[in-house]
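Residues per chain, in single letters:
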Amino acid sequence: MFFSKVAMLKQNNYRVLLKGAIFIALILFATTSLVFAKDIEIVAAVDKSELALEDTLSLTVTIIGAADAPMPLLPDFDLFSLIFGPTVSVKTSVINGVESASQSFTYALKPTCVGSFFIGSFTVRYKGRTYKSNTLRVDVFDAEKRMSPEKKRQKEIDLNKLIFVEISADKEDAYIFEQVALTCKLFSRKGLPIKDIKYVEPPIKGFVRESLGRQKQYQSMVDGSLFNVVELKSFVFPVASGNVEIEPAMVDCILMVKPRLKGGHGFFNDPFINPILEGLAKSYGEIVPISRKSNSVILNVKPCPEAGKPPDFSGAVGSFSLEVDIKPAAVKVGDPITVTMKVSGFGNMRFVDEPSMHFLSDDDFTEYSSDVSASVTKYSDGIKGSKIFKKVFEPKNHNIKEFPGISFSFFNPASKKYETITREPMPLSVQAPEFEKPVHVFVHKNGGNEHARIISSDILPIMTSLAHFKSRSVVFRSYAAVAAFLIAPTLMVVFAFLFQKHKRRLEVDYSYKMHLNTQAGIKAMFKDAEDAVNGSAPEQFYSTLFRILAQYLAHKLNTNPANIDSKSAPEMLRRKGIPAETVNNLIAVMEACDYGRFTGSPITMNKLKDDLNNAEEFVSLMEKH
């Protein structure tokens, strides 16, 4: 009985133990299932919830619990612009034997306007389920409005001390058409990293500009600090007198801002400028756009003096030399002579006109228009160049013994005097053309007989009978057909040559056109100007229009076109008694030509047509006098 009770007790204990084991196993199984079935979590965070409009926002989306989750889907960023991203990082850790993994996606955003905004949830689709992150609120404010006036002023002043621009001229007073060196310098504190420098030349009115296109770099001390200097030089030539302003130049660049290195040394730990750079880094990041405007320059431009001005001065200002070559030195009447005149020196070759030729008589030579070519070389100390004029002349008679003298006058601003280079007349041998001398027959009667005598410069025998002439005429008539057949092709070639020569001269010599037919010449020359309105740059149009007026006035005033300019022509018209209305019309047209030829400023099509109409109106008024 006792043993049976003991057996029953053991059996009950086994049952209790078995139930306990089963219960513990169920608990462990449930716990393990919970661990393996745990969901992932998505957390969105920003580096700051309040930022200025110029700041950059760093936003990080972290997926906790999975290292293989896909990239989150972005919410709408209507009020933010995505600068870059995402940058991805994966982190795995084991704590107390439990392994955990996470992924982070980082974006850089820039606000587009001021206000309070919500950034919506980021969404991830993982193992058939959809997960969403929290939302974020960001307040964007205008930093300039929150900054006190004193801080604004101090910040701007300090930054201007680090990067600034200066522009200067090599002289304060200059003569019209004189060369003026214009230098623009960009100063940046040594060690300050700037790049992508863009120089915008100052807009100029009343000047012709020649840029060197090269930059010079060096270092200079400014107020006890060492600065890097980038220097750009150009040359300007004033075309109008008075106090003329050269407007400020603009320089744009990029400043590379880096954070301060703790315990470090160098430029970025400078106690004077580092607070400024830290403020810039917070507002812009590591790249700061910089724009700087220079000062303006005032030039006192004086006209060339009237005292001592040579008659052939046409506006050349600088220092020049003259070379003359005439080929050939021995010709026959009607043969071409090529005269080459080369003007070289320092100055703008645009203002150099053809040297003057001093003919004793207009009946000695036939003159054709110039073929002009120019070359310009740019040096750091100025603009140097040369201009070559080639002209063709044909002697009209064999009595010419020399080619006339040539002179070129210019104003030298260094000596403040006019200078004239003269080339003396050069010997020229002109022979008579090769043709038979005319034979003059004089017939008279002496009693009942007729007598004929041939009169010429040579001594010829006196014929006592006309029979001699009759017999020779028979011989001539026998060969007339053959001679005509042989000479006809030659005459055709000569005619074609003369016709082409006449045609070319009509194209380039307006005086010749007007000499043949004044009204037809006027129409033809303005047709060239009308073509230039539609097919050329403004400079070419105004050069054509000025050349037309110079040729026309030279024909009217019986002078050389080289003597015609915007000052001399009105004065000559006044001396001839031309009404003031007509003279003022000419002055307005010539001033427009000077401005259009030399300033390089943009000119509208309507302006070109108006100036052409004014020129035609002036010629119409002149034709009435």
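First things first, this report covers the structure right here in the doc. (Residues numbered from 1 in each chain as written. Predicted model: local features only at pLDDT ≥ 70, side-chain atom pairs only at ≥ 80, totals over all residues. Heavy atoms only, no water.)

1. Some remarks on the side chain of S407
The cut-off we apply is this: Here a helix means four or more residues in a row that DSSP labels H or I, a strand means two or more in a row labelled E, and each is numbered from the N terminus. Each residue gets one of three labels from its accessible area relative to the maximum for its type: buried under 20%, exposed over 50%, partly exposed in between, using a 1.4 Å probe on protein chains only. Under this definition, polar contacts are N or O atom pairs within 3.5 Å; protein pairs additionally need one hydrogen-donor-capable and one acceptor-capable atom, and for neighbouring residues in sequence, both atoms have to be side-chain atoms. It only takes one pair of heavy atoms within 4.5 Å for two residues to be counted as in contact.
Considering the arrangement of structural elements, one finds S407 in strand 28 (residues 406-412). Residue class for S407 comes out buried when judged on its relative accessible area of 5%. One polar contact links S407 to D312, side chain to side chain, over a distance of 2.8 Å. If sequence neighbours within four positions are ignored, S407 has contacts with D312, P355, S356, H358, T420, I421 and T422.

2. What to know about helix 12 (residues 605-623)
Since the α-helix turns once every 3.6 residues, residues separated by three or four places project in the same direction. To keep things clear, this is the line we draw: By this rule, a helix spans an expected 1.5 Å times one less than how many residues it contains.
The terminal C-alpha atoms of helix 12, which comprises 19 residues, lie 27 Å apart, in line with the 27 Å expected from a rise of 1.5 Å per residue. Every buried residue of helix 12 is listed here: L608, D611, L612, A615, F618, V619, L621 and M622.

3. Overview of the packing of helix 9 (residues 538-557) against helix 12
The cut-off we apply is this: The axes used here are C-alpha line fits, helices contributing only the stretch in contact, and every angle between their N-to-C directions lies in the interval 0 to 180 degrees. Geometric relationships in this document are graded by angle, where less than 35 degrees denotes roughly parallel, more than 145 denotes roughly antiparallel, 65 to 115 denotes roughly perpendicular, and other angles denote oblique. Polar here means any residue other than Ala, Val, Leu, Ile, Met, Phe, Trp, Tyr, Cys and Pro, which are nonpolar, and Asp, Glu, Lys and Arg, which are charged; Gly is therefore polar.
One way to put it is that helix 9 packs onto helix 12 with a least axis distance of 11 Å and a crossing angle of 5°. With respect to their mutual orientation, helix 9 and helix 12 come out roughly parallel. Counted together, P538, F541, Y542, L545, L549, Y552, L553 and K556 of helix 9 and K607, L608, D611, L612, A615, F618, V619, M622 and E623 of helix 12 form the full contact between these two elements. The class makeup of the residues in the contact of helix 9 with helix 12 is 13 nonpolar, no polar and four charged.

4. A short note on the sheet that holds strand 18 (residues 287-293)
As a reminder, the rule being used: In this description, strands pair whenever DSSP reports at least two bridges between them.
Ordered by their spatial adjacency, three strands build an open sheet running 13-17-18, and the pairing between neighbours is antiparallel. Two strands close off the open sheet at either side, each with one partner strand: strand 13 (194-200) and strand 18. In this sheet, adjacent strand axes meet at a mean angle of 15° when their direction is disregarded. When strand 13 meets strand 17 (residues 250-256), the two strands line up antiparallel, connected through five bridges. Looking at strand 17, one finds that Y199 is bridged to V251.

5. Comments concerning the sheet that holds strand 28
Read across the sheet, three strands follow the order 23-28-29 without closing on themselves; strand pairing throughout is antiparallel. Of all strands in the sheet, those bounded by a partner on one side alone are strand 23 (356-357) and strand 29 (417-423). Bridge count for strand 28 against strand 29 is seven bridges, and the pairing is antiparallel. Residue pairing across strands places S409 opposite T420, the latter belonging to strand 29.

6. Overview of unusual backbone geometry
Each neighbour pair has its own omega, and for K327 with P328 the value is -10°, a cis peptide bond. Among the secondary structure elements, P328 is positioned in the loop between strand 20 (319-327) and strand 21 (330-332). Its identity is not glycine, yet K127 carries a phi of approximately 50°, on the positive side. One can find K127 in the loop between strand 7 (123-126) and strand 8 (129-132). Residue class for K127 comes out exposed when judged on its relative accessible area of 70%. Despite not being glycine, F177 shows a phi value in the positive range, around 75°.

7. Structural notes on helix 10 (residues 568-575)
Heads up, the condition is: When we speak of the arc, we mean the arc of directions from the helix axis to the C-beta atoms.
When we look at burial in helix 10, the residues that qualify are A569, P570, M572 and L573. Each buried residue of helix 10 lies within a common arc of 160° when the element is viewed along its axis, so the set occupies one face. Immediately beyond the C-terminal end of helix 10, within one or two residues, lies G577, with a positive phi of roughly 80°.

8. Here we look at empty space enclosed by the protein
To find leftover empty space, one rolls a probe the size of a water molecule over the atoms. Worth spelling out the cut-off: In the cavity and pocket records, a cavity denotes points on a 1 Å grid over the protein atoms alone where a 1.4 Å probe fits but cannot get out, a pocket denotes an open set with protein on both sides within 12 Å along at least 5 of 7 lines, and lining residues are residues with an atom within 4 Å of a point. Grid points are joined across faces, edges and corners, and a volume is the space filled by probe spheres set on the points.
All told, the structure shown has two cavities of 30 Å³ or more when counted by the stated rule. There is about 40 Å³ of room inside the largest cavity. What lines the largest cavity is simply C184, K185, L186, I197, Y199, V230, L232 and V251. Among the elements of the structure, strand 12 (180-189), strand 13 and strand 15 (225-238) are those that each provide at least two residues to the lining of the largest cavity. Of all the elements, strand 12 adds the most residues to the lining of the largest cavity, at three residues. When its residues are assigned to classes, the lining of the largest cavity shows seven nonpolar, no polar and one charged.

9. Section: the nonpolar core
The criterion, for reference: We call a set of buried residues a nonpolar core when its members are Ala, Val, Leu, Ile, Met, Phe, Trp, Tyr or Cys and they connect through side-chain atoms within 4.5 Å of each other.
Residues F207, V236, I246, I290, C304 and F411 are the most contacted members of the largest nonpolar core, which totals 43 residues. With five residues, the single largest contributor to this core is strand 12. Residues within four places of C304 in sequence aside, it is in contact with Y175, I176, F313, V317, F411 and Y418. The next biggest cluster of nonpolar side chains, apart from the first, holds 30 residues, and it includes M572, L573, M590 and L612.

10. A few points about the packing of aromatic side chains
The criterion, for reference: In summary, the pairing rule links any two rings of Phe, Tyr or Trp, Trp by its six-membered ring, whose centres are within 6.5 Å, and it sorts them by plane angle into stacked for under 30 degrees, edge-to-face for over 60 and tilted for everything else. The criterion for a charge sitting over a ring is simple: Lys NZ or Arg CZ within 6 Å of the ring centre, and within 35 degrees of the ring normal.
Summed over the entire model, instances satisfying the criterion amount to 17 aromatic pairs. On the basis of an interplanar angle of 65° and a centroid distance of 4.7 Å, the ring pair of Y175 and F411 is categorised as edge-to-face. Taken together, the residues span a long stretch of sequence, with Y175 in strand 11 (residues 173-175) and F411 in strand 28 at a distance of 236 residues. Residue F411 is classed as buried on the basis of its relative accessible area of 0%. Aromatic side chains F359 and F365 sit 5.9 Å apart centroid to centroid with 55° between the ring planes, which places their arrangement in the tilted category. F359 gets classed as partly exposed once you look at its relative accessible area, which sits at 24%. Of the residues examined, F365 reaches a relative accessible area of 8% and is grouped as buried. Sitting over the face of the ring of Y175, K302 holds its NZ or CZ atom 4.6 Å from the ring centroid.

11. Topic: the pattern of salt bridges
A side chain with one charge may pair with a side chain of the opposite charge, provided their charged atoms come close. What counts here: By definition here, a salt bridge exists when the distance from a side-chain nitrogen of Lys or Arg to a carboxyl oxygen of Asp or Glu is within 4 Å.
In the structure shown here, the tally under the stated rule is ten salt bridges. In this structure, E306 and K309 form a salt bridge, with 3.3 Å as the shortest nitrogen-oxygen distance. A relative accessible area of 57% places E306 in the exposed class. By relative accessible area, which is 29% here, K309 ends up partly exposed. Salt-bridge contacts for D611 lead to K607; the nearest nitrogen and oxygen are separated by 3.3 Å. Separated by four residues within a single helix, D611 and K607 lie in helix 12, roughly one turn from each other. Among the charged side chains, a salt-bridge network with shared partners connects E354, E367 and K391.

Limitation: the analysis is restricted to geometry and does not speak to function.
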